[in-house]
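Structural overview
The lines below spell out each chain.
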Amino acid sequence: MDKLRIAVIGAGYWGPNLVRNFRNSPDWDLVAVCDLDPLRAARVVGDRSTVEVETDVSRLLERDDVDAVAIATPARTHAELAVAALEAGKHVLVEKPLASNLEDARRMVEVAAAQGRALMLDHTFCYTPAVRHIRQMIADGVVGDVLYVDSVRINLGLVQPDVNVFWDLAPHDLSILDFILPSGLDVGPVTATGADPLGTGRACIGHASLPLPGGGIANISVNWLSPTKIRSFVVGGRNRTLVWDDLNPMQRVALYDRGVDVATRPDDLAERKQVNVSYRMGDIHVPALREAEALGLMVAEFAAAIREGRAPLTDGHSGMRVLSVLHAIDESLASGHAVSPQRGAAS
Ligand SMILES: NC(=O)c1ccc[n+]([C@@H]2O[C@H](COP(=O)([O-])OP(=O)(O)OC[C@H]3O[C@@H](n4cnc5c(N)ncnc54)[C@H](O)[C@@H]3O)[C@@H](O)[C@H]2O)c1
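Take the domain arrangement of the chain next. Looking at the assigned domains, one finds that the chain contains domain 1 (4–123 + 295–314) and domain 2 (126–293 + 326–335). Each of domain 1 and domain 2 has a C-alpha centre, and the two are 30 Å apart. With 18 residues of domain 1 at the interface, the matching set in domain 2 holds 16 residues. Together, the buried faces of domain 1 and domain 2 total about 1400 Å²; carbon and sulfur atoms form 58% of this surface. On the domain 1 side of the interface with domain 2, the three residues burying the most area are Lys 96, His 123 and Leu 297, jointly 42% of the side's total. For the pair domain 1 and domain 2, the interface holds 2 salt bridges. For Arg 20, the salt bridge is made with Glu 293, and the minimal N-O distance between the two is 2.9 Å. The tally of links between domain 1 and domain 2 comes to 9 residue pairs in polar contact (both at pLDDT 80 or more). For the side of domain 1 that touches domain 2, the elements supplying multiple residues, two or more each, are helix H1 (15–24) and helix H8 (294–308).

So this is what it looks like as structure tokens:
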């Protein structure tokens, strides 16, 4: 099968990871790397390479030998670049978050549909073997109804000039929730608290609570000020509990047959004091997951979606659902109240 031809726009911190994976992919031919800074792009391309360096996106989009572009520039530039690329007939992969506001995001989704082109989000973690396994365990009913999710994503992070810690780190947690939960990121009114104890002008520490359908709750903790890096994600189900520690290659995911069972649950709230609670202390199962780079699987999915003419697993709508929760988080931070994420085109 002929390779698809890709250009990567943005050669800063994350762009080189995309470049490496498109280069290594059997599906893709990397044609060009585009950055406003030609030296940065040239460094990523390397010496003795046939990959071209470009500094002007409009010139890049005029080329007939580019089928798709991958956009790894700051979020505020995503909408303008993506819409221009889609209107030029290119398929588009865009880094998270989809855009810096919902209006721009909706426009991107609409233009992609009108042009009949793929719009895919690099929700990187959805392509890790661990998250795919968790999704499967939930879909197969092994976990049972999801009662709670607890996600901790803390480390010494770069204090970003234009966004708070939620916009930097929580897109990962939110896109994972959207991917693994049977009803996606269908959450109730969001309550968020944030702190800026060093006076940087934006929240560097944040907690968000997202009510889940059926009475459960997802809690997200993000932090740029932690000296230790923690990536812990717990999915508590009625039948089993999954614990994912992305920093432990020996046991990334463990499935616990442990939890709380309620034998009788009277309908009358007053009588619930008498509920019969028992504790399960069963086995722990550690599945053998293959080690594979998520970005490699992500670029393969981008190619497959284009070839099969279908929506990618993480499409523009998933990007909009994540964005609508990020906006609800910001509004909750500002108002001190719980805020319902906007629904609509993000279905
Ligand atoms: N998927 C992930 O895990 C992950 C991790 C880190 C960053 N990201 C995302 O990647 C994106 C880029 O982040 P970064 O940290 O690499 O940013 P960065 O600032 O390090 O790099 C951005 C690059 O884009 C270039 N650029 C900006 N506007 C341009 C334009 N109009 N045309 C061409 N080049 C342009 C800049 O010159 C710069 O080199 C963001 O959306 C970020 O959220 C994703």
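Across all of its chains, the model carries 5 aromatic pairs by this definition. Summarising the aromatic geometry, the rings of Tyr 13 and Trp 14 are spaced 6.0 Å apart at their centres and angled 50° between planes, so their arrangement reads as tilted. Note on Tyr 13: relative accessible area 73%, which makes it exposed. Geometrically, the ring pair formed by Phe 125 and Trp 244 is edge-to-face, given 6.1 Å between the ring centres and 70° between the ring planes.

On to the pattern of salt bridges. Summed over the entire model, instances satisfying the criterion amount to 19 salt bridges. One salt bridge connects Glu 291 with Arg 252, and the closest N-O pair in it is separated by 3.0 Å. In this pair, Glu 291 is assigned in the loop between strand S14 (277–285) and H8 and Arg 252 in the loop between strand S12 (241–245) and strand S13 (253–262), connecting sequence segments 39 residues apart. When salt bridges with common partners are traced through the structure, they connect Arg 240, Asp 257, Asp 261 and Arg 280 into a single cluster.

Further remarks concern the site of the ligand. Contacts to the ligand come from 21 residues, most closely from Trp 14, Asp 35, Arg 40, Lys 96 and Thr 124. At a separation of 2.9 Å, an oxygen atom of the ligand approaches a polar backbone atom of Tyr 13. Within the backbone of Lys 96, one N or O atom sits 2.7 Å away from an oxygen atom of the ligand. In the complex, 79% of the free accessible area of the ligand, which totals 860 Å², lies under the protein chains. Residues of the shell around the ligand, tallied by class, amount to 10 nonpolar, 6 polar and 5 charged.

All buried positions along helix H2 (residues 38–45) are accounted for by Ala 41, Val 44 and Val 45. Axial view of H2: buried residues confined to an arc of 100°, hence all on one face. Exposed side of H2, more than 90 degrees from the buried face: Leu 39 and Arg 43 are the residues found there. On its buried side, H2 packs onto H1, strand S2 (28–34) and strand S3 (52–54). The N-capping residue of H2, defined by a side-chain oxygen 3.0 Å from the backbone nitrogen of Leu 39, is Asp 37. Following H2 by one or two positions, Gly 46 has its phi on the positive side, about 85°.

Cut-offs applied
- Residues numbered from 1 in each chain as written.
- Predicted model: local features only at pLDDT ≥ 70, side-chain atom pairs only at ≥ 80, totals over all residues.
- Heavy atoms only, no water.
- Domains from an automatic or database assignment.
- Contact = heavy atoms within 4.5 Å.
- Buried area = accessible area lost by both parts, 1.4 Å probe.
- Salt bridge = Lys/Arg side-chain N within 4 Å of Asp/Glu carboxyl O.
- Polar contact = N/O pair within 3.5 Å; in protein donor to acceptor, adjacent residues only side chain to side chain.
- Helix = DSSP H or I, 4+ residues; strand = E, 2+ residues; numbered from the N terminus.
- Phe/Tyr/Trp six-rings, centres within 6.5 Å; stacked < 30°, edge-to-face > 60°.
- Buried < 20%, exposed > 50% of the residue type's maximum accessible area, 1.4 Å probe, protein only.
- Near = heavy atom within 4 Å.
- Areas by Shrake-Rupley, 256 points an atom, 1.4 Å probe, with all protein chains shown as cover.
- Nonpolar A, V, L, I, M, F, W, Y, C, P; charged D, E, K, R; others polar.
- Arc of directions from axis to C-beta.

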